[in-house]
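# Survey of secondary and tertiary structure
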Amino acid sequence: MKPHLFFHIFFIPFYLILLSVSGQCQSDQQSILIQLKNSFQFNSSLATKLVSWNPNVTDCCSWLGVTCSTTGQVIGLDLSNETISVGINDSSVLFDLQNLESLNLAGNNFHFVQIPSRFGSFASLKNLNLSNSGFSGQIPGELSQLSTLEVLDLSSLFSFGARSLRLENPNLATLVQNFTKLRGLYLDNVNISSQRFDWGQSLSSSLRNLEVLSLSNCQLSGPLDDSLQKLQSLSEIHLALNNISAPVPDFFANFTNLTVMNLGSCNLLGSFPNKVLQLQNLQILDLAVNNNLSGYLPDFPINGSLRSLLLRNTNFSGGIPETIGNLKNLSRIELFSSNFSGRIPKSIQDLTQLGYIDLSSNNFIGQVPSFQMCKNLTHVDLSRNGLSVACGQTQHNNWSKLQIVDISSNYLNGEIPKNCFRQWAAMMNDDNRDPPKKKHLSFTVLQLSNYYYQDTVTVTAKGLELELVKILTVFTSIDISNNNFSGEIPRAIGQLKALYVLNVSRNAFTGSIPPSMGNLSQLESLDMSSNKLTGEIPYTLASLTFLSTLNLSNNRLKGRIPISNQFQTFENDSYLGNKELCGLPLTRNCPGSNIPTTENPTPFQESKNGYDWQFIFTGVGFGSGAAIVTAPITLTKTGRYLWNDYTNKLVITICLVLGIRYAPCRVFEEDEDDEKEAVSSDENSDDSEFESVADRSKGRYCVYCTKLDFSRKQAIHDAKCTCFDQTKLLSTSSSTSSSEAASPFTKL
């Protein structure tokens, strides 16, 4: 027997065991699932799992969202995000699936009905996820009977006030008393205000194996009880948006497994224990919006795991340590509106994963880091500091994902490099349908919609400072206002076709407004006020149909304000301080009556290397075409003859239209020999030949009334010439005919 055949025969029993793991769906289980599907109301065009439940497919274990045991019993059911709106109550056939170990109904909409108490009848249930499903009212006490439960998720992304889930009777302590195996508890936006003080003791007494505690916005109160230090297995703590009003205990620094700590907007007091920042496994620290919380940044450990450091709107002070360069995974830094000072360390520019940095509204001084290695940057805000040295001309050329830049209100100076904007690809795509280049900032809400958001950002638009919360990630903005930048505004800025807000006001820019800015088709707010800009307002700006705010005041602009439907919506304040501007909406009229049209202005085109190739190619094309046509005419005898013949016919046609007669007359030849031959021939010709020539040319005329065409082939005579009438060479009898022939221009 061949060895490989013996090998397969030997493993036949194992193959049979593996095949039996998937199980064959039992008929009663399939019947329950079909009844369950029929009891639901859902959108079949959006659902993906329920629509695959086909009664003609006998093995229900192969249906999407269904998991079976080896005996064919349904033990897992995942119907998340299936748009289910009706069909869950205590009489539902769902509760006939008594062997369920995992049940996921998250992301549906049950229209604020109460959670059925029969969920407590699943004796084998380990995972229950009812998050973001529109349940309301008191959480039933029967859930406390789920003693095998390992993960319970009743959270919601938003609070619905009186319609939110609540824990009153039973309270939190009663709910979790039997959850000895629980590893994850998610109750965000559940009202637990009835047990606001001793909630820590309730958790620590029952949930010794808890790894994830998520109780954000649950109306809890502090302080953070010392009993919480018993939860040594905690890896994630989410307590944001609760009124803790107490210091952060030092024992959190002993949680060696801690990866996420979110205590934002908790009204924390005192000084934050900086040893927490040195935890080797800590990845996310969010202490934002705790204005009374002080602290400082310690030296960070080598190869630290920190990815997000959010300390905005706190009272943290001191500088950023040079050891921040040890955090190789750091991708987000938010320190704005705090009390940091000193220089921004150079090591920060080596953080290759950095995508979001906001150091605004602090007291940083010195040079702006180059961020050359930070190719993932999407958001840079260094505004409202004391930075005084601008970046070099070779820097910031590879930020292909950059969408928001704000370095306003500093002491930066110098000229903006001409190639500064050429690699900012995320601002160049003007597709508003969230193209792939913009998806690096996005996350899906509930996985049900295509709306993409990021967190808070402050921008200056329409003359006001606006704090945008949960803004769309397609938003793009550049704000370099209130500095001392000089020189001309680079024409390459016209390539940023996805730009929404541009603010370069209160600088020392000179030169004209780049016509290429007419390509900024998505621009909504443009502020170029308080500079030294000269020249006229480009008529290409009239094509910016989305522009709702414009400020060009206090410059040195001149000429007529472009006339378009969009420009007529701006007030006088948009143009004040430009003494030589005229036209509406100003009261100063422009000289002359010719009003340039701005209907459908042609967008300005510029290549990436700074040359206007469209203009160059157009000029070369016209020049080449003209050379091809004129060279044969001017350089060859045949060409001159043909051109002469053509112009004769053209002049004759024009004369016929004008009602006058034109007769060509050859008076010169190509060279001197030809001329002499012509003169000799003229002298020796007989009378009949002379008469025929005179007939053709209508006579001989004086040089004062005669002009030659440019080829020197024919004579053109003035019709009003009278010098020939005074000659005595012709007889009186022929004077009438001679007078008639006094010029080739005689009226018919």
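Note: the structure precedes this text.
Heads up: these notes are all about the structure in this document. (Residues numbered from 1 in each chain as written. Predicted model: local features only at pLDDT ≥ 70, side-chain atom pairs only at ≥ 80, totals over all residues. Heavy atoms only, no water.)

### Focus on the overall build of the protein
- Secondary structure summary: the protein contains ten helices and 39 strands in total.
- The buried share among the 748 residues of the protein stands at 48%.
- Partitioning the intrachain contacts of the protein with sequence separation of at least 6 by distance along the chain shows that 57% fall at a separation of at least 24.
- Total accessible area computed for the protein in this model is approximately 37300 Å², and 53% of it derives from carbon and sulfur atoms. (Helix = DSSP H or I, 4+ residues; strand = E, 2+ residues; numbered from the N terminus. Buried < 20%, exposed > 50% of the residue type's maximum accessible area, 1.4 Å probe, protein only. Contact = heavy atoms within 4.5 Å. Areas by Shrake-Rupley, 256 points an atom, 1.4 Å probe, with all protein chains shown as cover.)

### Quick notes on the packing of aromatic side chains
- Counted according to the given criterion, the structure contains 16 aromatic pairs.
- Summarising the aromatic geometry, the rings of Phe 251 and Phe 252 are spaced 4.7 Å apart at their centres and angled 40° between planes, so their arrangement reads as tilted. The exposure classification of Phe 251 matches that of Phe 252, with both residues buried.
- An aromatic cluster is present here, built from Phe 272, Phe 316, Phe 340 and Phe 364 joined pairwise through their rings.
- The aromatic ring of Tyr 356 is capped on one face by Arg 332, whose charged end is 3.7 Å from the ring centroid. (Phe/Tyr/Trp six-rings, centres within 6.5 Å; stacked < 30°, edge-to-face > 60°. Lys NZ or Arg CZ within 6 Å of the ring centre and 35° of its normal.)

### A look at a nonpolar patch on the surface
- Together, Trp 643, Tyr 646, Leu 650 and Ile 654 line one region of the surface with nonpolar side chains, adding up to about 380 Å² of accessible area.
- As for its placement among the helices and strands, Leu 650 is situated in helix α7 (residues 637–658). (Patch = residues over 30% accessible without salt bridge, like charges linked within 9 Å, V, L, I, M, F, W, Y side chains within 5 Å. Salt bridge = Lys/Arg side-chain N within 4 Å of Asp/Glu carboxyl O.)

### A few points about the nonpolar core
- Counting 152 residues, the largest nonpolar core has Leu 77, Leu 94 and Phe 119 as the members making the most contacts within it.
- Of all the secondary structure elements, the ones that give two or more residues to this core are α3 (27–39), β1 (66–68), β2 (74–78), α4 (172–176) and α5 (199–206).
- Filtering out sequence-adjacent residues up to four positions away, Leu 77 remains in contact with Leu 33, Leu 36, Trp 53, Gly 65, Val 66, Leu 94, Leu 97, Leu 100, Ser 102, Leu 103 and Asn 104. (Core = buried A, V, L, I, M, F, W, Y, C linked by side-chain atoms within 4.5 Å.)

### Quick look at the sheet that holds strand β24 (residues 413–415)
- The three strands are arranged β24-β28-β30 in an open sheet whose pairing can be described as parallel. Whereas interior strands pair on both sides, the edge strands pair on one side only; in this sheet they are β24 and β30 (508–510). Direction aside, neighbouring strands of the sheet carry axes that sit 10° apart on average.
- Bridge count between β24 and strand β28 (residues 484–488): three bridges; the pairing is parallel. (Pairing = 2+ DSSP bridges. Axes fitted to C-alpha atoms, helices over the stretch in contact; angles between N-to-C directions.)

### As for the sheet that holds strand β20 (residues 363–367)
- Read from one edge of the open sheet, five strands run β14-β16-β18-β20-β22, paired in parallel fashion. The sheet is open, and its two borders are formed by β14 (290–295) and β22 (386–389), each paired with just one other strand. Geometrically, the sheet is characterised by an average inter-axis angle of 20° between neighbouring strands, direction not taken into account.
- Both β20 and β22 contribute to a ladder of three bridges, which runs parallel. Its bridge partner being in β22, Gln 367 is matched across the sheet by Val 389.

### Considerations on the pairing of β20
- In the sheet, strand β18 (residues 339–343) pairs with β20 via three bridges, with the strands oriented parallel. Pairing of Gly 342 across the sheet is with Phe 364, part of β20.

### Regarding the state of the cysteines
- Tallied over the entire structure, the rule returns three disulfides.
- A disulfide bridge connects Cys 25 with Cys 60, and the sulfur atoms are separated by 1.6 Å. Given an S-S torsion of about 75°, the disulfide between Cys 25 and Cys 60 has right-handed geometry. Of this pair, Cys 25 sits in the loop between α2 (12–21) and α3 while Cys 60 sits in the loop between α3 and β1; the two residues are 35 residues apart in sequence, bridging distant segments of the chain.
- Residue classification places Cys 25 among the buried residues on the basis of a relative accessible area of 8%.
- The side chain of Cys 61 participates in a disulfide bridge whose partner is Cys 68; the two sulfur atoms lie 2.1 Å from each other. Because the torsion about its S-S bond is -100°, the bridge between Cys 61 and Cys 68 counts as left-handed. Considered together, Cys 61 and Cys 68 belong to a single accessibility category, that of buried residues. (Disulfide = S-S within 2.5 Å.)

### Examining the side chain of Lys 37
- Mapped onto the elements, Lys 37 comes out in helix α3.
- A distance of 3.2 Å separates the side chain of Lys 37 from the backbone oxygen of Leu 50, its partner in a polar contact.
- With residues up to four places along the chain from it excluded, the contact list for Lys 37 reads Phe 42, Leu 50, Val 51 and Trp 53. (Polar contact = N/O pair within 3.5 Å; in protein donor to acceptor, adjacent residues only side chain to side chain.)

### A short note on unusual backbone geometry
- The omega torsion of the bond from Asn 169 to Pro 170 falls at 10°, within 30 degrees of zero and hence cis.
- Pro 585 follows Leu 584 through a cis peptide bond whose omega is 5°.
- A positive phi is found at Arg 384, a non-glycine position, where the angle reads about 55°.
- Inspection of the secondary structure assignment puts Arg 384 in the loop between β21 (379–381) and β22.

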